[in-house]
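Each chain is listed here by its residues.
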Amino acid sequence: MKAIAVAAARRGGEILLEKFQRGIAVSHKGEVDLVTEADRLAEVAIVEVLRGTFPRHDILAEEGDYGSTDSHYRWIIDPLDGTTNYAHGFPWFAVSIALEVAGEIRLGVVFNPVSQEMFVAEKGAGAFLNDYPLRVSAADQLANSLLATGFPYDRKTSPVNNFDHFVNFQRAARACRRAGSASLDLACTAAGRFDGYWEMKLKPWDVAAGKLLVEEAGGRLSDFSGRPYDIYGQECLASNGLIHEEMVQVLQNGLRP
């Protein structure tokens, strides 16, 4: 299954990179929620690879409806995480593929086609970047930490928009970054590039693969109160574990979904 997931991610990434270099057709799902021709084409290619080997597995993907067979196996796919970056020519985006088995994420793949970085995690078998093992950072104080976050698509209309949390963390941490791809933010947390990450109002395809990467690299995930994390929930807090409680405390001072 890992080999097929990696092959599917590479195939999707090839399409994204080809379209990225040749020009991008963009349409709108909402005022600030974009979708490109590449999203759709990459998703079709990814699903073809997965269904070619696992025709009875369910598919949950961002762009298409693939029905349900009530299988214990479900592939959770974001063919292009970082669409706004992609549409503007900013080279920070990824393919994200996860396998959920009976409600548990057992496999996660995040592929950045620009850098050719392939992040892979298997439940109980560790997390890897291009076959090198990953480990979360050793930062043990929030004040010395580099954090990542993002903002929801309804940030212009909803007061629950993460702006308050962003200001609070800018004051509490060394610095915060907003690069525009949740799956890569989680992958970079697993790799120790970020010490922590938080975001709200995400979809399961944004976080399913990244969740397993962080866990298998020795990190911790929860909601903003420190309760067990649910990829179908509204709050995502990920860290190296050492600064987790400090981040929970900061998050109590802002609005929540």
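Per an unreviewed UniProt entry, the protein carries the name Inositol-1-monophosphatase and comes from Trichloromonas acetexigens. Taken directly from UniProt, the Cofactor (unreviewed entry) text for the protein runs: "Mg(2+)".

Remarks on helix 2 (residues 37–53)
In a regular helix each residue adds 1.5 Å, so 17 residues correspond to 24 Å; helix 2 covers 25 Å between its end C-alpha atoms and thus fits that length. For helix 2, the set of buried residues is A38, D39, A42, E43, A45, I46, V47 and L50.

Topic: the pattern of salt bridges
One pass over the structure, following the stated rule, counts 12 salt bridges. Here E235 ties to R256 by a salt bridge, and the two come within 2.8 Å at their closest N and O atoms. You can see E235 sitting in strand 14 (residues 235–239) and its partner R256 sitting in the segment after helix 7 (244–251), a full 21 residues away along the chain. The exposure class assigned to E235 is buried, which follows from its relative accessible area of 10%.

Looking at the sheet that holds strand 13 (residues 220–222)
Strand order in this open sheet of five strands is 11-10-12-14-13, and the pairing throughout is mixed. In this open sheet, the two strands that pair with only one neighbour each are strand 11 (175–177) and strand 13. Sheet twist, expressed as the average angle between the axes of neighbouring strands with direction ignored, equals 20 degrees. Across three bridges, the pairing between strand 10 (residues 146–149) and strand 11 is parallel. Within the sheet, the bridge partner assigned to L147 lies in strand 11 and is C176. Against the sheet, helix 5 (residues 182–190) makes contact with strand 10, strand 12 (196–200), strand 13 and strand 14, and its axis sits at roughly 155 degrees relative to strand 12, the strand it touches most.

A word on the packing of helix 4 (residues 163–172) against helix 7
Between helix 4 and helix 7, whose axes approach to 10 Å, the crossing angle comes to 135 degrees. Between helix 4 and helix 7, the angle falls in the class oblique. Read as a crossing pair, helix 4 and helix 7 show a hand that is right-handed. Facing H165, N168, F169 and A172 of helix 4, the residues of helix 7 in contact are M247, V250 and L251. Taken together, the residues of the contact of helix 4 with helix 7 break down into five nonpolar, two polar and no charged.

Describing the domain arrangement of the protein
Many authors give the size of an interface as the accessible area that is lost as the parts come together. According to the domain assignment, the protein consists of domain 1 (1–133) and domain 2 (142–252). Look at where the C-alpha atoms of domain 1 and domain 2 centre, and you get two points 21 Å apart. At the interface, 39 residues of domain 1 touch 26 residues of domain 2. When the two sides are added together, the surface that domain 1 and domain 2 hide from each other amounts to roughly 2500 Å², 64% of it contributed by carbon and sulfur. Summed over the shared surface of domain 1 and domain 2, the result is one salt bridge. Taken together, the links from domain 1 to domain 2 amount to 10 residue pairs in polar contact (both at pLDDT 80 or more). Looking at the side of domain 1 that touches domain 2, the elements with two or more residues in it are strand 3 (58–61), strand 4 (73–81), strand 5 (94–101), strand 6 (104–112), strand 7 (117–122) and strand 8 (126–129). At seven residues, strand 6 tops the list of elements feeding residues into the side of domain 1 that touches domain 2. Considered class by class, the residues forming the side of domain 1 that touches domain 2 number 21 nonpolar, seven polar and 11 charged.

Procedures and definitions
- Residues numbered from 1 in each chain as written.
- Predicted model: local features only at pLDDT ≥ 70, side-chain atom pairs only at ≥ 80, totals over all residues.
- Heavy atoms only, no water.
- UniProt positions renumbered as here; feature names shortened; annotations may be inferred.
- Helix = DSSP H or I, 4+ residues; strand = E, 2+ residues; numbered from the N terminus.
- Expected span 1.5 Å × (residues − 1).
- Buried < 20%, exposed > 50% of the residue type's maximum accessible area, 1.4 Å probe, protein only.
- Salt bridge = Lys/Arg side-chain N within 4 Å of Asp/Glu carboxyl O.
- Pairing = 2+ DSSP bridges.
- Axes fitted to C-alpha atoms, helices over the stretch in contact; angles between N-to-C directions.
- Contact = heavy atoms within 4.5 Å.
- Parallel < 35°, antiparallel > 145°, perpendicular 65-115°, else oblique.
- Left-handed = near helix turned anticlockwise from the far one by under 90°.
- Nonpolar A, V, L, I, M, F, W, Y, C, P; charged D, E, K, R; others polar.
- Domains from an automatic or database assignment.
- Buried area = accessible area lost by both parts, 1.4 Å probe.
- Polar contact = N/O pair within 3.5 Å; in protein donor to acceptor, adjacent residues only side chain to side chain.

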